[in-house]
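What follows is each chain in one-letter form.
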Amino acid sequence: MSPSTLETVVTPRDQAKSGSRTMGRQKINRIGVLTGGGDCPGLNAVIRAVTKTAVFQHDLEVLGIEDGYMGLIRNRMHPLSTGAVSNILTRGGTILGTSNKANPSHFAVGVDAQGKPIFKDVTDRVIEHVQSRGLDAIICIGGDGTMTGAARLAEHGIRCVGVPKTIDNDLMHTELTFGFQTAVDTATEALDRIHTTASSHHRVMIVELMGRNAGWLTLHSGLSSGADVILIPEIPYDIEMVCEHCLRRGRHGKSFTIIAVSEGARPKDGQQVVNSVIADSPDPIRLGGISRVLRQQIEEITGLECRETILGHVQRGGTPVPADRILGTLFGYKALELVLAEQFNQLVVVQNNTITSVPIDTVAGQQRMVPMDNPLIAAARAVGTSFGDQEVKMR
Ligand code: F6P
């Protein structure tokens, strides 16, 4: 899919309302925008599109809410002028800041005698701040945690529109999230660099990618860099198969092997590797470290020399690729259209190469996994890539 060919769907209702600032009985005068959860390239493109469209086309006021839901809880927000969003299209991260520890309905307000966080529902505080700031609607840019939060705020009468971001590309009901294509680009470059050192030293090089429980990032980056083994959470691997593929490659004159592994990959009948548990985060598990486990096992079983590299947050940083700048701009524009069309509690999504929307609560708490009939899996298998689950023929 090329985002540059994406079309936005403007419904007759959108058209009737577009350009209007009147929303039922309440006029839209001021909107808030926030970025929640992990950052990713393209967030600033959305903030810019929302702000410029709101101010230039509809004469609205925009407040930037700081650090995601933390800004709503602590009443930290500031006006966004068009000047404030100038020159941010190409910048990574988010000018508003973000937080993945600020869920209004489950917020850590302190610790108990054992040092365990005490959680409290602080939604009332959020409602008070939304009202005192005169926010008529909020555009929430984030992943499933942020959308779950938006769906809860919507139940309390706060009018939200969601915009999906994540390098994991695992949000339900959207074929694409911005940030993903930049992360694929970054990870592919890293894998390409690993390739040259792997071939020089005749080693097995294991590269661990992010993605939580979904293998999209590893599948795309692995395929685009020609990784010899791709391990993703959706296809539990057999370590013996992985080792046999490394050895088989050696027998066929290939002196090195590149393994791209998702942080969420796991062996058949085995568990994912948890790196840490962030107690005061609504989504506390942080995966990571599978590449170290693989290194030890492969060295022990095959006797081949291995090295591991964990790409980590490098995948989330830096300048967005053009496709993510375009997608972010289209998403921001569409989000504002939804606000003006009174289509609240909707999430902007890409479906059938078209930008449209779905109810926010239909994505809350879910993850979109790689389906087994995804054509990338068949194509990768066809060119001799191992997924660690079956024998690969080599001639
Ligand atoms: O969801 C995006 C993501 O980068 C995941 O791929 C990764 O597992 C997680 O966030 C890391 O979170 P944190 O930034 O809290 O370490």
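Within each chain, residues carry numbers counting from 1 in the order of the written sequence. Since the coordinates come from a predicted model, pLDDT governs what is reported: local features require at least 70, and pairs of side-chain atoms require 80 or more to be given and counted, while whole-chain, interface and lining totals use all residues. The basis for every side-chain value is the complete set of non-hydrogen atoms in the structure, without hydrogens or water.

Caption draft 1: Looking closely at the nonpolar core. Within the largest apolar cluster, 63 residues are counted, with the highest numbers of intra-cluster contacts made by I31, I139, I141, V163 and F178. There are two domains that each give this core at least three residues, and those are domain 1 (3–178 + 320–362) and domain 2 (183–315 + 371–382). Throughout, a residue-residue contact means that at least one pair of heavy atoms, one from each residue, lies within 4.5 Å. Among residues more than four places away in sequence, those in contact with I31 are V50, A54, L60, E61, V62, L63, L135, A137, I139, L336 and V339. Buried Ala, Val, Leu, Ile, Met, Phe, Trp, Tyr and Cys residues that are joined via side-chain atoms within 4.5 Å together make up what is termed a nonpolar core. Here the term buried applies to any residue with accessible area under 20% of the maximum for its type, exposed to any over 50%, and partly exposed to those in between, with areas from a 1.4 Å probe on protein chains only. Judged by nonpolar contacts, the second largest core, of 29 residues, contains L34, L72, C160 and V349. Per the annotation, domain bounds derive from an automatic or database assignment of domains.

Caption draft 2: Layout of the domain arrangement of the protein chain. Domain annotation of the protein chain identifies domain 1 (3–178 + 320–362) and domain 2 (183–315 + 371–382). In this complex, domain 1 contributes 12 residues to the contact, which on the side of domain 2 involves 15 residues. Counting the surface lost from both domain 1 and domain 2, the interface buries some 1200 Å², and carbon and sulfur atoms represent 56% of this. Here the buried area means the combined drop in accessible surface, using a 1.4 Å probe, for two parts upon being joined, counting both sides. Area buried by domain 1 at its contact with domain 2 is led by K101, I167 and D168, which between them contribute 42% of it. Any carboxyl oxygen of Asp or Glu within 4 Å of a side-chain nitrogen of Lys or Arg constitutes a salt bridge here. The interface formed by domain 1 and domain 2 contains four salt bridges. Measuring nitrogen to oxygen at the nearest pair gives 3.6 Å for the salt bridge that ties K101 to D280. Any pair of nitrogen or oxygen atoms within 3.5 Å is treated as a polar contact; in protein, a donor-acceptor pairing is required on top of that, and neighbouring residues in sequence qualify only through side-chain atoms on both sides. Counting across the interface, domain 1 meets domain 2 through five residue pairs in polar contact (both at pLDDT 80 or more). Within the side of domain 1 that touches domain 2, the residues separate by chemical class into five nonpolar, three polar and four charged. Asp, Glu, Lys and Arg are counted as charged, while Ala, Val, Leu, Ile, Met, Phe, Trp, Tyr, Cys and Pro are counted as nonpolar; the rest, among them Gly, fall into the polar class.

Caption draft 3: View of the packing of helix α8 (residues 239–251) against helix α9 (residues 290–302). Only C-alpha atoms enter the line fits that serve as axes; for helices the fit covers just the stretch in contact. Angles between N-to-C directions range over 0 to 180 degrees. Runs of H or I in DSSP of at least four residues are treated as helices and runs of E of at least two as strands, each being numbered from the N terminus. In the contact formed by α8 and α9, the axes pass within 10 Å of each other and the chain directions differ by 60 degrees. When the interaxial angle is binned, α8 and α9 end up oblique. For the element pair α8 and α9, the recorded crossing hand is right-handed. Two secondary-structure elements touch here, α8 through I239, E240, V242, C243 and L247 and α9 through L294, Q297, I298, I301 and T302. Looking at side-chain class alone, the contact of α8 with α9 contains seven nonpolar, two polar and one charged residues. Any angle from 65 to 115 degrees is called roughly perpendicular, while one under 35 is roughly parallel, one over 145 is roughly antiparallel, and all others are oblique. Crossings are assigned a handedness: left-handed for a near helix turned anticlockwise from the far helix by less than a right angle, right-handed for a clockwise turn.

Caption draft 4: Structural detail: the site of the ligand. For the ligand, the full set of nearby residues is N100, I167, D168, M210, G211, R212, E263, R286, H313 and R316. With respect to the ligand, the side chain of N100 contributes an N or O atom lying 3.3 Å from an oxygen atom. Within the side chain of R286, one N or O atom sits 2.7 Å away from an oxygen atom of the ligand. Areas reported here follow the Shrake-Rupley algorithm with a probe of radius 1.4 Å; residue values treat only the protein chains shown as occluding. Alone, the ligand offers 400 Å² of accessible surface; in the complex the protein occludes 80% of this. Taken together, the residues of the shell around the ligand break down into two nonpolar, three polar and five charged. Structurally, the shell around the ligand is a two-domain feature, drawing no fewer than three residues from each of domain 1 (3–178 + 320–362) and domain 2 (183–315 + 371–382). In this text, near means that some heavy atom of the residue lies within 4 Å of the molecule or strand in question.

Caption draft 5: Geometry of helix α5 (residues 144–155). To estimate the expected span of a helix, subtract one from its residue number and multiply by 1.5 Å. Counted at 1.5 Å a residue, the expected span for α5 with its 12 residues is 16 Å, and the 17 Å between its end C-alpha atoms agrees. With nine of 12 residues buried, α5 is to be regarded as a mostly interior element. Those residues of α5 hidden inside the fold are in contact with β4 (30–35), α3 (69–74), α4 (123–132), β9 (137–142), β10 (160–164) and β17 (346–351). With its phi angle positive at about 90 degrees, G157 sits one or two positions after the end of α5.

Caption draft 6: A look at the side chain of D170. Within the secondary structure layout, D170 lies in the loop between β10 and α6 (180–201). Judged by its relative accessible area of 1%, D170 falls in the buried class. Side chain to side chain, D170 and R212 meet in a polar contact 3.0 Å long. If sequence neighbours within four positions are ignored, D170 has contacts with R212, A214, W216, Q366, Q367 and R368.

Caption draft 7: Up close: the packing of aromatic side chains. Any two of the Phe, Tyr and Trp rings considered here, Trp counted by its six-membered ring, make a pair once their centres fall within 6.5 Å; the pair's planes then place it as stacked at under 30 degrees, edge-to-face at over 60, or tilted in between. According to the stated counting rule, one finds one aromatic pair in the structure shown. Aromatic pair F178 and F331: ring centres 6.2 Å apart, planes at 70 degrees, arrangement edge-to-face. A residue pair is termed long-range when its members are at least 10 positions apart, and F178 in the loop between β10 and α6 and F331 in helix α10 (residues 322–340) qualify at 153 residues. Like F331, F178 is buried. Note on criteria: charge over ring means Lys NZ or Arg CZ within 6 Å of the ring centre, with the direction from the centre no more than 35 degrees off the ring normal. Against the face of F256 rests R249, its NZ or CZ located 5.6 Å from the ring centre.

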